[in-house]
Amino acid sequence: MILALLLLAAPNVLRVYTKPIEPFSYKKDGADAGFSIELWDRVAKEAGLKYETTWVKTVPELIAALEAGKADVAVAAISITSEREKVIDFSQPYYESGLQILVGPGGQSSAATLVNTLFTWDFARLLGMLALALFVSSNLLWWFERRNNEENFPRPYRHGVWESLWWSSSVLITGGCENKTPTGIGGRMVAVVWMLTGILLVSYITASVTSAMTVKSLTSGINGPSDLPGQIVGTPAGSTAERYLLDHKIETRSFPSVDEAYVALAAKQVNAVVYDAPVLLYHAAKGGQERVVGHRFERQNYGIGLQEGSKLRKPINETLLKLTETGYISELRQKYFGDTD
Ligand code: GLU
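Residue numbering note: each chain is counted from 1, following its sequence as written. At least 70 in pLDDT is required for a residue's local features to be given in this predicted model, at least 80 for side-chain atom pairs to be given and counted, and no such filter applies to totals for whole chains, interfaces and linings, which use all residues. Just so you know, side-chain values use all the structure's heavy atoms and leave hydrogens and water out.

### Observations regarding a nonpolar patch on the surface
Okay, so step 1: The patch calculation keeps residues exceeding 30% relative accessible area without a salt bridge and links them within 9 Å when they carry like charges or within 5 Å when they are nonpolar (Val, Leu, Ile, Met, Phe, Trp, Tyr). Areas reported as accessible are Shrake-Rupley estimates using a 1.4 Å probe. Residue values count occlusion only from the protein chains shown. For this document, the term salt bridge refers to a Lys or Arg side-chain nitrogen within 4 Å of an Asp or Glu carboxyl oxygen. Where nonpolar side chains cluster on the molecular surface, the patch consists of Leu132, Phe135, Val136, Leu140, Trp143, Phe144 and Tyr157 and spans about 700 Å² of accessible area.
Okay, so step 2: Helical segments are the DSSP runs of H or I of at least four residues, strand segments are the runs of E of at least two, and each set is numbered from the N terminus. The element best represented in the nonpolar patch is helix 6 (residues 121-145), accounting for six residues.
Okay, so step 3: Residue position: tryptophan 143 is located in helix 6.

Quick look at the structure:
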């Protein structure tokens, strides 16, 4: 009886569950910190709610705690998905997010880059253009030279063009041809045009190959989600990123936390990490060699997780909307991400 009275009299302390996902919720000097943690704290204060926090490791644990009635509220960077909405409730979205890709430093080895650059359709097209230009110019040269310079460019077509091809190739590759030279006006004009064309074509091909190789060696060949098939990709278990990778049949290595995925990327056990864009950008901005590549995909919003049918939903939503209207959420974005959009 006394116990029941005590319980009734005790202030209702909400059980708030969270998990580490920097910079949304993490421990800083032993204290709870982060965008979501600060936002929740403000919501709780405004709505007159008292709470205590419990830390778990993954989003599925947060959802399970809500489902089992162990937690009243879950705050981290929880994406609102239809699958989760079936078993728990969500507040209004308070942060627009999505997935992105993190790759390690450098990229492909130079041998791999060379092979990947030379055996492409683009390069084959370039070579084809060069071969065509060589053939046309050699025919013209032979045509002009075949009568007055029969010694160097014999009159019979096959033999003559063969010799002419030899001249054109030597000029293209070595800049000259010692044992033969066009003598007629027409032949010399073709020769000049060919020499100029040759310089342009060779520099164009060199520039294309060099830039393609540079881009490949810098970007590791992964520039967006369409480059992920065929790669081994790391991600935290139970995340929406893992769901995306599995749905797209991409070879996935799941880790208990994103920190382990970063370690695997550094050790080249995975070729990329796919995870929440703001988390990867925040990680990359801290320095280090990893880079975020490609655009944000799989747009998803973060919400506060609540028990199915929770009475807290209305007061929390009202407060969240109020905090949006007063510009508090924008200020918080500015503080953590340096942007307000
Ligand atoms: N937004 C991700 C999700 O809801 C975060 C995953 C995580 O915190 O590990 O699945």
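### Some thoughts on the site of the ligand
Okay, so step 1: Residue proximity to a molecule or strand is established when one non-hydrogen atom of the residue lies within 4 Å of it. In the vicinity of the ligand, the contacting residues are Lys19, Ile21, Val59, Ala77, Ile78, Ser79, Arg84, Ser239, Thr240, Tyr275, Asp276 and Tyr302.
Okay, so step 2: Here an oxygen atom of the ligand and a side-chain polar atom of arginine 84 are 2.7 Å apart.
Okay, so step 3: As used in this structure description, the phrase polar contact means that two N or O atoms lie within 3.5 Å; if the pair is within protein, one of them must be able to donate a hydrogen and the other to accept it, and residues adjacent in sequence are counted only when both atoms belong to side chains. Measuring from an oxygen atom of the ligand, one finds a side-chain N or O atom of tyrosine 275 at 2.6 Å.
Okay, so step 4: Contact with the protein chains removes 99% of the 300 Å² of surface that the ligand exposes when unbound.
Okay, so step 5: In this classification, Asp, Glu, Lys and Arg are treated as charged, Ala, Val, Leu, Ile, Met, Phe, Trp, Tyr, Cys and Pro as nonpolar, and every other residue, Gly included, as polar. Tallied by class, the residues present in the shell around the ligand amount to six nonpolar, three polar and three charged.

### Thoughts on unusual backbone geometry
Leave glycine aside and you will find that most residues have negative phi; peptide bonds, for their part, are mostly trans.
Okay, so step 1: Here the residue pair glutamate 22 and proline 23 is connected by a cis peptide bond, since its omega of 5° sits within 30 degrees of zero.
Okay, so step 2: Along the chain, the position of proline 23 falls in the loop between strand 1 (13-18) and strand 2 (26-28).
Okay, so step 3: Positive phi, normally seen in glycine, also occurs at lysine 249, with a value near 55°.
Okay, so step 4: Looking at the secondary structure, you find lysine 249 in the loop between helix 9 (240-247) and strand 9 (251-255).
Okay, so step 5: Despite not being glycine, lysine 268 shows a phi value in the positive range, around 60°.
Okay, so step 6: By relative accessible area, which is 64% here, lysine 268 ends up exposed. Per-residue accessibility, obtained with a 1.4 Å probe over protein chains only, is compared with the maximum for each type, and a residue is labelled buried under 20%, exposed over 50%, and partly exposed between these values.

### Section: the sheet that holds strand 7 (residues 95-103)
Okay, so step 1: The mixed open sheet is built from five strands, whose spatial order is 9-8-10-7-11. Edge positions in the sheet fall to strand 9 and strand 11 (291-302), since each has one partner strand and no second. Adjacent strand axes in the sheet meet at a mean angle of 25° when their direction is disregarded.
Okay, so step 2: Whether two residues are in contact is decided by their heavy atoms, any of which lying within 4.5 Å being enough. Geometry is summarised by axes, namely lines fitted to C-alpha atoms with helices restricted to the contacting stretch, and by angles between N-to-C directions that run from 0 to 180 degrees. Contacts from helix 9 reach strand 7, strand 8 (232-236), strand 9, strand 10 (272-276) and strand 11, with the element oriented near 150° to strand 8. Two strands qualify as a pair provided DSSP detects at least 2 bridges between them.

### Thoughts on the side chain of serine 137
Okay, so step 1: With respect to the helices, strands and loops of the structure, serine 137 is situated in helix 6.
Okay, so step 2: A relative accessible area of 8% places serine 137 in the buried class.
Okay, so step 3: Each residue touching serine 137, except ones within four places of it in the same chain, is listed here: Ser168, Val190 and Trp194.

### Quick look at the packing of aromatic side chains
Okay, so step 1: For Phe, Tyr and Trp, where Trp contributes only its six-membered ring, two rings pair if their centres lie within 6.5 Å, and the inter-plane angle classes them as stacked under 30 degrees, edge-to-face over 60, or tilted in between. According to the stated counting rule, one finds 14 aromatic pairs in the structure shown.
Okay, so step 2: Between the aromatic rings of phenylalanine 24 and phenylalanine 35, the centroid separation amounts to 5.8 Å while the plane-to-plane angle is 75°, which identifies the pairing as edge-to-face. A residue pair is termed long-range when its members are at least 10 positions apart, and phenylalanine 24 in the loop between strand 1 and strand 2 and phenylalanine 35 in helix 2 (residues 35-47) qualify at 11 residues.
Okay, so step 3: Judged by its relative accessible area of 0%, phenylalanine 24 falls in the buried class.
Okay, so step 4: Taking the centre distance of 5.3 Å and the plane angle of 45° together, the rings of tyrosine 95 and phenylalanine 337 count as tilted. One end of the pair, tyrosine 95, is in strand 7; the other, phenylalanine 337, is in helix 13 (residues 328-337), with 242 residues separating them in the sequence.
Okay, so step 5: Note on tyrosine 95: relative accessible area 4%, which makes it buried.
Okay, so step 6: Here phenylalanine 337 falls in the partly exposed class, since its relative accessible area comes to 21%.
Okay, so step 7: These aromatic residues form a ring-pair network of at least three members: Phe24, Phe35, Tyr94, Tyr95, Tyr302, Tyr336 and Phe337.
Okay, so step 8: A cation over an aromatic ring shows up here: arginine 146 above the ring of tryptophan 142, its NZ or CZ 5.6 Å from the ring centre. Consider the ring centre and the ring normal. A charge sits over the ring if Lys NZ or Arg CZ is within 6 Å of that centre and within 35 degrees of that normal.

### Focus on the packing of helix 2 against helix 12 (residues 313-325)
Okay, so step 1: It is at 9 Å that the axes of helix 2 and helix 12 come closest, and there the two elements cross at 115°. Comparing their axes, helix 12 and helix 2 come out roughly perpendicular. By crossing handedness, the relation of helix 2 to helix 12 is classed as right-handed. Facing Leu39, Trp40, Arg42, Val43, Glu46 and Ala47 of helix 2, the residues of helix 12 in contact are Ile316, Thr319, Leu320, Lys322 and Leu323.
Okay, so step 2: Within the contact of helix 2 with helix 12, the residues separate by chemical class into seven nonpolar, one polar and three charged. Should an angle fall under 35 degrees it is taken as roughly parallel, and over 145 as roughly antiparallel, whereas 65 to 115 is taken as roughly perpendicular and any remaining angle as oblique. A crossing counts as left-handed when the near helix is turned anticlockwise from the far one by less than a right angle, and as right-handed when that turn is clockwise.

### Digging into the nonpolar core
Okay, so step 1: Throughout, nonpolar core names a set of buried Ala, Val, Leu, Ile, Met, Phe, Trp, Tyr and Cys residues whose side chains join them through atoms within 4.5 Å. Counting 66 residues, the largest nonpolar core has Leu39 and Trp40 as its most contacted members.
Okay, so step 2: Beyond its immediate sequence surroundings of up to four residues, tryptophan 40 is in contact with Leu14, Val16, Leu49, Tyr51, Val73, Val75, Ile304 and Ile316.
Okay, so step 3: The next biggest cluster of nonpolar side chains, apart from the first, holds 16 residues, and it includes Phe123, Leu141, Cys177 and Val190.

### Quick look at the sheet that holds strand 12 (residues 305-306)
Okay, so step 1: A sheet is described by the order of its strands in space; here five strands give the open sequence 4-1-5-12-6, paired in mixed fashion. If you trace the sheet from one side to the other, it starts and ends with strand 4 (50-55) and strand 6 (89-90), each paired once.
Okay, so step 2: Across two bridges, strand 1 lies against strand 5 (residues 73-74) in parallel orientation. Bridge pairing in strand 5 places tyrosine 17 opposite alanine 74.

Nothing here speaks to function; it is geometry throughout.
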